[in-house]
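In case you want the letters, here they are:
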Amino acid sequence: MNIRRFFSSAITITEMEARKIRHDSTELWTRIIQPALWLLIFGETFNTIRAIPSGNFSYLQFLTPGILAQSVLFISIFYGITVVWERDVGIITRLLSTPSPRYSIVLGKSIAAGLRGVLQAIMIFLLALILGVKVRFDPFDITGVFLVVILFAMCFSCLSMLLASYMKTRDRMMGIGQALTMPLFFASNAIYPISIMPSWLQYVSIVNPLTYAVDAIRSLLVEGNYANLPIDILVLAISTVIFQVLASRTIKKLLE
Amino acid sequence: MDVFRPRESAKTALNNKAIEAENLAKIYRGNIKAVDGITFSIDQGEIFGLLGPNGAGKTTTIKMIMTLTTKTSGSLHVFGLDVSKYSEQVRKMIGYIPQSISVDADLTAYENLLIFSKLSYVEKKERDSRIHKALEYMGLSARKDEIVKRYSGGMMRRLEIAQALVNHPKLLLLDEPSIGLDPSSKKQVWDSIRQLNQEFGTTILITTHDMNEADELCDRIAIMSEGKIAVMGTPAELKREVGGDIITVEMSDSYHIPSFPKVIGKIIRNDDLEIEILTEDGEQAIPLIADFFRGHGISVESISINKANLDDVFMKYAKRRLTDEMFKSVRKTRRDFARHSR
Ligand SMILES: Nc1ncnc2c1ncn2[C@@H]1O[C@H](COP(=O)(O)OP(=O)(O)OP(=O)(O)O)[C@@H](O)[C@H]1O
Ligand SMILES: [Mg+2]
């Protein structure tokens, strides 16, 4: 397998997504509504009543990385629906009938999810600016957040593609996506610190990749303390590789 | 014109068959025998037609060749390469037009071809010229920057054909390519298929339900039925097998013909004002028949010819219940005739 060709195929798949977003960006704008509501209503309320301990930072500051990770989670966990839809309209058949290796196609798709994640992150940065949430707008931190977001989106979009290979229909993917997002979200440190969870939930949160993504984004965006960053990124990277390999092997099942 | 000439690769020696399938089978889950042990081969430069009723296994066969689905058993080689071992190399040599539309409706025509040619590793310096030539060839240049969503069905189909040409395939797999095309676009597609084949020696495997199309285009034809190949041969051979042409003579007055010269043909129906004669070669028989009637002083209103066509062949080999009773009787008499004249 030719490495240069491999990556050029993956980048082409991402380019395909970028061109689609350029033609029609409505979805990007609708995706800002939910995080805005979380920050405006949930965030502002709990900020005022101080019900959740958020250390040296305001609750809004604590929450923003969690909401960022949550909205990227939504994008990527439902990414399989896009892929099923593309199967229905023949695009997957088309992609799989090119000489490009299957691994490069799945990789390209997951980077495309990462691209959507980054655009979403930019929107949430803007939102934070508007709401006056103090986050660290430092070029290094912002770049770091983008990289974490890409990795995180790759991880869950690959999981989603893996599930899609077996589920095969949009309805089932919708169901499974909904069944997964809420538990993942509540069993993480997105809206409250792990320390206040019941101990059984703490164990669950340790095997939840979302926890690591939130932790990484929070340390870059709010805390400026990078001690846990290597562990966070390592866990995300390992899960991404595992899901990536599995999804690449199963993607052909979508056509059957 | 050197536009769509496929490149020779070292691995594919000239003496290899374009496609060679032996006892090829595909069993889907639930024990559905979509393809049930077929053996055939297609020479390089041939136009081969795969016909058969719905569900016969044509698309499944094409998907196995395209490595989109794995075979259950048997062997399958494309230009001498085992498809299960060299799937990427095999895909590189093939242009594929699936049965259902597969272009990306959210991109422009140009972008569709651009993405596809990148994924097919068309060299960068050639890419743009190939894309433009393919668009021009399919008559889409004027609207190349329009989102495909706004195209008509036939235009999308033409875009797909354009897409299958940008990587200069040595083998083109066309799964019902002319579906949904108007007669003139259809003609255009036929012309381009023939041109690709004649000028560049592109091997073509085509499935269709249009017998006329198969007759026009194909060097050889296989009719599949229930996953098996029922019959294979040139269109002429197959038509010969189902019998000859039927000549219908309409007379001005009622007349019963007691005897008819066997050399011309055989009367298969003699109604009041109409006679049907089964002949081996209709065109040659017409003047003889006209002479015969004139000789007997019978005045004739009209003479018409119903040539044996691939429809008859199809009906004979495709296991399917016929609804058209008349057709059935014609077929039966033709079959009888074929048996008699043997
Ligand atoms: N993905 C699949 N899973 C299970 N069975 C399938 C699948 N695809 C096709 N089949 C079955 O395999 C058989 C052959 O289907 P195929 O699509 O090859 O037929 P075809 O000759 O192309 O028909 P048509 O003329 O309608 O396109 C059919 O019985 C079909 O139901
Ligand atoms: Mg078919």
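Everything below is about the structure shown above.
Described below are features of the structure shown in this document. (Residues numbered from 1 in each chain as written. Chains lettered and ligands numbered in written order. Predicted model: local features only at pLDDT ≥ 70, side-chain atom pairs only at ≥ 80, totals over all residues. Heavy atoms only, no water.)

To continue, consider the overall build of chain A. Helix and strand counts for chain A come out as 12 helices and zero strands. Relative to a compact globule of 256 residues, whose C-alpha radius of gyration would be 18 Å, chain A shows 18 Å and is just as compact. When the 256 residues of chain A are sorted by exposure, 58% land in the buried category. Long-range contacts, defined as pairs at least 24 residues apart, comprise 78% of the intrachain contacts of chain A with a sequence gap of at least 6. Accessible surface computed for chain A: about 11,000 Å², of which carbon and sulfur atoms make up 68%. Placing the 21 positive and 14 negative side-chain charges of chain A at their respective mean positions leaves the two points 9 Å apart. (Helix = DSSP H or I, 4+ residues; strand = E, 2+ residues; numbered from the N terminus. Rg over C-alpha atoms; globule rule 2.2 N^0.38 Å. Buried < 20%, exposed > 50% of the residue type's maximum accessible area, 1.4 Å probe, protein only. Contact = heavy atoms within 4.5 Å. Areas by Shrake-Rupley, 256 points an atom, 1.4 Å probe, with all protein chains shown as cover. Lys, Arg positive; Asp, Glu negative; His and termini not counted. Charge placed at Lys NZ, Arg CZ, Asp CG, Glu CD.)

Right, let's talk about unusual backbone geometry for a bit. With a phi angle near 70°, K168(A) is a residue other than glycine that sits in the positive phi range. Among the structural elements, K168(A) can be located in the loop between helix 8 (139-167) and helix 9 (170-186). K168(A) sits in the buried class, given a relative accessible area of 19%. Located in the positive-phi region is N31(B), a residue other than glycine, with phi close to 55°. By the element assignment, N31(B) lies in the loop between strand 1 (19-28) and strand 2 (32-42).

Residue and element names in this part refer to chain B. Reading across the sheet, the four strands line up as 12-13-11-14 and stay open at both edges, with antiparallel pairing between neighbours. A single partner strand is all that each edge strand has here, and the edge strands are strand 12 (266-270) and strand 14 (300-306). For this sheet, the mean angle separating the axes of adjacent strands, direction not counted, is 20°. Relative to strand 13 (residues 274-279), strand 12 is paired through four bridges, and the arrangement is antiparallel. For K266, the partnering residue across the bridge sits in strand 13 and is L278. Running over the sheet, helix 9 (residues 282-295) touches strand 11 (245-251), strand 13 and strand 14 and is turned about 25° from strand 11. (Pairing = 2+ DSSP bridges. Axes fitted to C-alpha atoms, helices over the stretch in contact; angles between N-to-C directions.)

Between chain B and chain A, the residue contacts involve 29 residues of the former and 28 residues of the latter. At the boundary of chain B with chain A, total buried surface from both sides reaches about 2,700 Å², with 56% on carbon and sulfur atoms. Per-residue buried area on chain B facing chain A is highest for L68(B), L119(B) and Y121(B); these three make up 26% of the total on that side. We note a salt bridge from K20(A) to D104(B), for which the minimum N-O separation is 2.7 Å. At the junction of chain B and chain A, the tally comes to 12 residue pairs in polar contact (both at pLDDT 80 or more). At the level of secondary structure, the elements contributing two or more residues to the side of chain B that touches chain A comprise helix 2 (87-93), helix 3 (109-119) and helix 5 (153-165) of chain B. Here the side of chain B that touches chain A takes six residues from helix 3 of chain B, the largest share from any one element. (Buried area = accessible area lost by both parts, 1.4 Å probe. Salt bridge = Lys/Arg side-chain N within 4 Å of Asp/Glu carboxyl O. Polar contact = N/O pair within 3.5 Å; in protein donor to acceptor, adjacent residues only side chain to side chain.)

Tallied over the full model, the rule gives 15 aromatic pairs over all chains. Where F185(A) meets F186(A), the ring centres are 5.4 Å apart and the plane angle is 55°; that geometry is what we call tilted. The class for F185(A) is buried, based on a relative accessible area of 1%. Given the relative accessible area of 36%, F186(A) is considered partly exposed. For the pair F40(B) and F48(B), a centre-to-centre distance of 5.8 Å together with 15° between the ring planes defines the contact as stacked. Exposure remark for F40(B): the relative accessible area of 3% places this residue in the buried category. Among the aromatic residues, those joined into a ring-pair cluster are W38(A), F42(A), F46(A), Y59(A), F62(A), F185(A) and F186(A). (Phe/Tyr/Trp six-rings, centres within 6.5 Å; stacked < 30°, edge-to-face > 60°.)

Time to look at the coordination of the magnesium ion (ligand 2). Bound to the magnesium ion (ligand 2) are the protein donor atoms T59(B) (OG1) and Q99(B) (OE1), situated 1.9 to 2.2 Å from the metal. With T59(B) in helix 1 (residues 58-65) and Q99(B) in the loop between strand 6 (94-97) and helix 3, the pair connects residues that are 40 residues apart, well separated along the chain. (Donors = N, O, S within 2.8 Å, 3.2 Å for Na, K, Ca; no water.)

Below, the discussion takes up the sheet that holds strand 6 of chain B. Residues and elements named next belong to chain B. Strand order in the open sheet formed by six strands is 6-7-8-3-9-10, with mixed pairing between adjacent strands. Looking at strand neighbours, the two that pair on one side only are strand 6 and strand 10 (228-233), the edges of this open sheet. For this sheet, the mean angle separating the axes of adjacent strands, direction not counted, is 15°. In terms of strand pairing, strand 7 (residues 171-175) meets strand 8 (residues 203-207) through five bridges, oriented parallel. When the sheet's bridge partners are listed, L172 is paired in strand 8 with I204. Contacting strand 3 (47-51), strand 6, strand 7, strand 8 and strand 9 (220-225), helix 1 crosses the sheet at an angle of about 150° to strand 7. Relative to strand 6, helix 5 is tilted by about 170°, and along the sheet it contacts strand 6 and strand 7.

To continue, consider the site of ligand 1. Around ligand 1, the surrounding shell holds 15 residues, and the nearest of these are G55(B), K58(B), T59(B), T60(B) and Q99(B). Ligand 1 sits at a junction of chains, with neighbouring residues supplied by chains A and B. Here an oxygen atom of ligand 1 sits 3.1 Å away from a polar atom, N or O, in the main chain of A56(B). One nitrogen or oxygen atom from the side chain of H209(B) is found 2.8 Å from an oxygen atom belonging to ligand 1. Burial of ligand 1 by the protein chains amounts to 69% of its free accessible area of 640 Å². When residues of the shell around ligand 1 are traced back to their parent elements, those giving at least two are strand 2 and helix 1 of chain B. The element contributing the most residues to the shell around ligand 1 is helix 1 of chain B, with three residues. Of the residues contributing to the shell around ligand 1, the split by class is five nonpolar, seven polar and three charged. (Near = heavy atom within 4 Å. Nonpolar A, V, L, I, M, F, W, Y, C, P; charged D, E, K, R; others polar.)

A few words now on helix 9 of chain A. Residues and elements named next belong to chain A. Look at helix 9: 25 Å from first C-alpha to last across 17 residues, which is about the 24 Å you get at 1.5 Å a residue. When helix 9 is considered as a whole, its buried residues turn out to be M173, G177, T181, L184 and F185. Buried residues in helix 9, looked at end-on, bunch into an arc of 85°, giving them a common side. Residues of helix 9 that are buried make contact with helix 3 (33-49), helix 4 (59-77), helix 5 (79-88), helix 8 and helix 11 (209-223). (Expected span 1.5 Å × (residues − 1). Arc of directions from axis to C-beta.)

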